[in-house]
Amino acid sequence: MGTMKKAGGAALAAIMMSIPLVACSDGGKKDVAAGTDSGQGQSSQPAANGFKVSDKAVEMTIHYHDDTKVFKDDFPLFKKAQEMTNVKLHGTAPPSATNSREVFNLMMASGNLPDIISGLKLELNKAALDGAMEPLDDLIDKHAPNIKKFLQDNKWAKAGSVASDGKLYFIPYIMDGEASEGWYIRKDWLDKLGLKEPKTVDEYYETLKAFREKDPNGNGKKDEIPYFSRDNKEAVTKLVPLFGVRPEWHVANGKVQYGKYLPEYKEAMVNLAKWYKEDLIDKEIYTRGAKSREIVLGDNAGGATHDWFPSTATYNETLKDKIPGIQFVPFAPPADRNGKVQQEYSRRLLQDKGWGISSTSKHKVEAIKYFDFWFTVEGRRLMNFGIEGVHYDMKDGKPIFKPEVLNGKEPVNKQLWDIGAQLNTGYQMDLFYEQQWTNPIANKGIQMYIDNKYFAPQFPSVTFTPKEEKTISEKWPAIDTYMREMQQKWVMGAEAVEPNYDKYMKRLKEMGMDEIVKIYQDAYERYQKNA
């Protein structure tokens, strides 16, 4: 997610109550009954004794270490969950450690496994194939009615999480809401120049030219930077879809493809090299870095970008005194060379993180029942919004954050992390949590993208065999680096595209790109069998 900002209070929360949630793009459609509206459409199935996992108190250990976030025994949210479930968790990951993968590997190597293990899909499934994780299919069928229903209604979630042996070993973290990033433009500049929002790639090009040549910031200097990006790594890649090329992994007519390994990628590079030469693209796009928005917009020089909805919209507030009348707003994706209007980049709903049960645990049934709690209306609400009466109040059937949370010194998500909420464990995020503290300009853009169904189909979350994973780890880093280096050379004019593109394709073939594509094809076909 981009930089998180604080919200604007109860009025904003009231507006957000009218915003519907969205369909899934990760290999299938999300069933509304599976729960997408803060608990209004989802039916919990608690046991006869409520949400209690056991009549007697149960204590279990958990490994959770995710970058700077480590499980703490005194998390208020998990104390509240303990009251409801009779389960107390004890964290085992060292809080002073900073490398999560290293901590995970050391834990696995020790042989002293906790009851619950949280981590990356790759790590958990590898551990499972080594015998360290308990298969969950039968446990879910017998003891977890809410998880069972969710997976039945959202087959993409299970299909993208199972190990290469076809068994499910962990419950994934599910995000909510595809609309994460989109196209932004200076509408105040458009108005000053008498221009409309560009509807096609050609109109977008002409708009960027006008920004460069007609002094929309009015300072008498030719200092405008029509297109900029804060992502050094991707740089101009977000512009590639304008030329009819899906740059990353995707499926076309049942065949897996990678856009930067297609003949048509050449046209995109030729055009973007032209744009760069004409100063329509930031000359420092490969080096300026994460502060690009602050620098370029702060200098009243930036005209357009492609970035996260919530954080990008905040500059209308933070810069309004410095740049009176600034309107940096979302607009619809320009139609590509083939006339298709499509948003290539969207939020991946099925995350590669979650939690499972170790094969050595003596509390397997209790653990799966505990996991199931987080898929009830009450459990999901607790993980998303915190504690009722402390962080939110129920109003008209919806959890509305308190003003002191929305307007607190820390961003809303940071406040929730600090109490143990919104951790990347096995549960389903609720988009309404995010909408309440998102800038109204961003929310309007998000809704526009949702209503018009702009999102391109995502490549599903596939699973690789250990042998495939080894081949990818050996070959892909060098391939990826080579692709990025060549893109930068072409765009910046260090090397011409036309005479050298065939050499580029030949070199990728020599590096093993065909083998990588075959691995993705095989993994996709396995995914399809489970979907």
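Residues numbered from 1 in each chain as written. Predicted model: local features only at pLDDT ≥ 70, side-chain atom pairs only at ≥ 80, totals over all residues. Heavy atoms only, no water.

Engineer: So, the overall build of the protein chain: which residues are in play, and what are the values?
Structural biologist: Scanning the protein chain from N- to C-terminus turns up 22 helices and 15 strands. Its C-alpha atoms give the protein chain a radius of gyration of 24 Å, near enough to 24 Å, the size a compact globule of 531 residues would have. When the backbone C-alpha atoms are referred to their principal axes, the protein chain occupies close to 75 × 55 × 40 Å. Looking at the protein chain as a whole, 56% of its 531 residues are labelled buried. Sequence-distant contacts, at least 24 apart, represent 78% of the contacts inside the protein chain between residues at least 6 apart. Just so you have it, the protein chain exposes about 22,400 Å², and 50% of that area is on carbon and sulfur atoms. For the protein chain, the separation between the mean place of its 74 positive charges and that of its 75 negative charges on side chains is 1 Å. (Helix = DSSP H or I, 4+ residues; strand = E, 2+ residues; numbered from the N terminus. Rg over C-alpha atoms; globule rule 2.2 N^0.38 Å. Buried < 20%, exposed > 50% of the residue type's maximum accessible area, 1.4 Å probe, protein only. Contact = heavy atoms within 4.5 Å. Areas by Shrake-Rupley, 256 points an atom, 1.4 Å probe, with all protein chains shown as cover. Lys, Arg positive; Asp, Glu negative; His and termini not counted. Charge placed at Lys NZ, Arg CZ, Asp CG, Glu CD.)

Engineer: Describe in detail the pattern of salt bridges, supporting the description with residues and values.
Structural biologist: Side chains bearing opposite charge may pair, as long as their charged atoms lie close to each other. The tally for this structure, following the rule as stated, stands at 36 salt bridges. A salt bridge links Lys475 to Glu515; its shortest N-O distance comes to 2.5 Å. Pair noted here: Lys475 is in helix H20 (residues 466–492) and Glu515 is in helix H22 (residues 513–530), with a separation of 40 residues, a long-range link. A relative accessible area of 35% places Glu515 in the partly exposed class. (Salt bridge = Lys/Arg side-chain N within 4 Å of Asp/Glu carboxyl O.)

Engineer: Give me helix H19 (residues 440–451): which residues, what numbers.
Structural biologist: Counted at 1.5 Å a residue, the expected span for H19 with its 12 residues is 16 Å, and the 16 Å between its end C-alpha atoms agrees. Its side-chain oxygen placed 2.8 Å from the backbone nitrogen of Ile441, Asn439 serves as the N-cap of H19. (Expected span 1.5 Å × (residues − 1). Polar contact = N/O pair within 3.5 Å; in protein donor to acceptor, adjacent residues only side chain to side chain.)

Engineer: Before we move on, can you summarise the sheet that holds strand S11 (residues 302–308) with the specific residues and values?
Structural biologist: The mixed open sheet is built from four strands, whose spatial order is S8-S11-S7-S12. Two strands in the sheet have a free side with no partner beyond their single neighbour: strand S8 (225–227) and strand S12 (328–331). In this sheet, neighbouring strand axes are inclined to one another by 35° on average, regardless of whether the strands run parallel or antiparallel. Judged from the five bridges that link them, strand S7 (residues 181–186) and S11 form a sheet pairing that is antiparallel. Its bridge partner being in S11, Ile185 is matched across the sheet by Ala304. Of the strands in this sheet, S7, S8, S11 and S12 are in contact with helix H9 (residues 201–213), which crosses S8 at around 165°. Its contacts with the sheet put H19 on S7 and S12, and the angle it makes with S12 is roughly 10°. (Pairing = 2+ DSSP bridges. Axes fitted to C-alpha atoms, helices over the stretch in contact; angles between N-to-C directions.)

Engineer: Describe the nonpolar core, listing the residues and the values that go with them.
Structural biologist: Trp275, Tyr370, Trp374 and Met513 are the most contacted members of the largest nonpolar core, which totals 140 residues. Not counting the four nearest positions on each side in its chain, Trp275 is found in contact with Val201, Tyr204, Tyr205, Leu208, Leu239, Leu242, Phe243, Leu280 and Ile281. Within the second largest apolar cluster, 12 residues are counted, among which are Ile117, Leu124, Ala127 and Ala163. (Core = buried A, V, L, I, M, F, W, Y, C linked by side-chain atoms within 4.5 Å.)

Engineer: Tell me what's going on with unusual backbone geometry, and back it up with residues and numbers.
Structural biologist: Within the chain, Asp396 stands out as a residue other than glycine whose phi angle is a positive 55°. Along the chain, Asp396 falls in the loop between strand S14 (392–395) and strand S15 (398–401). The phi torsion at Lys453 lies on the positive side, around 50°, for a residue other than glycine. By the secondary structure assignment, Lys453 is in the loop between H19 and H20.

Engineer: Please give an account of the pairing of S11 that cites residues and values.
Structural biologist: The element S11 is extensively covered by neighbouring structure, given that six of its seven residues are classed as buried. Bridge analysis of S8 against S11 gives two bridges, and the strand direction is parallel. Its bridge partner being in S11, Ile225 is matched across the sheet by Gly302.

Engineer: I'd like to hear about the confidence of the model for the protein chain, residue by residue, with values.
Structural biologist: Per-residue pLDDT for the protein chain averages 91, and the proportion of residues at 70 or more is 91%. Under a pLDDT of 50 for its full length, residues 1–42 has, in the predicted model, 134 contacts with residues more than four places off or in other chains. (pLDDT = per-residue confidence, 0-100.)

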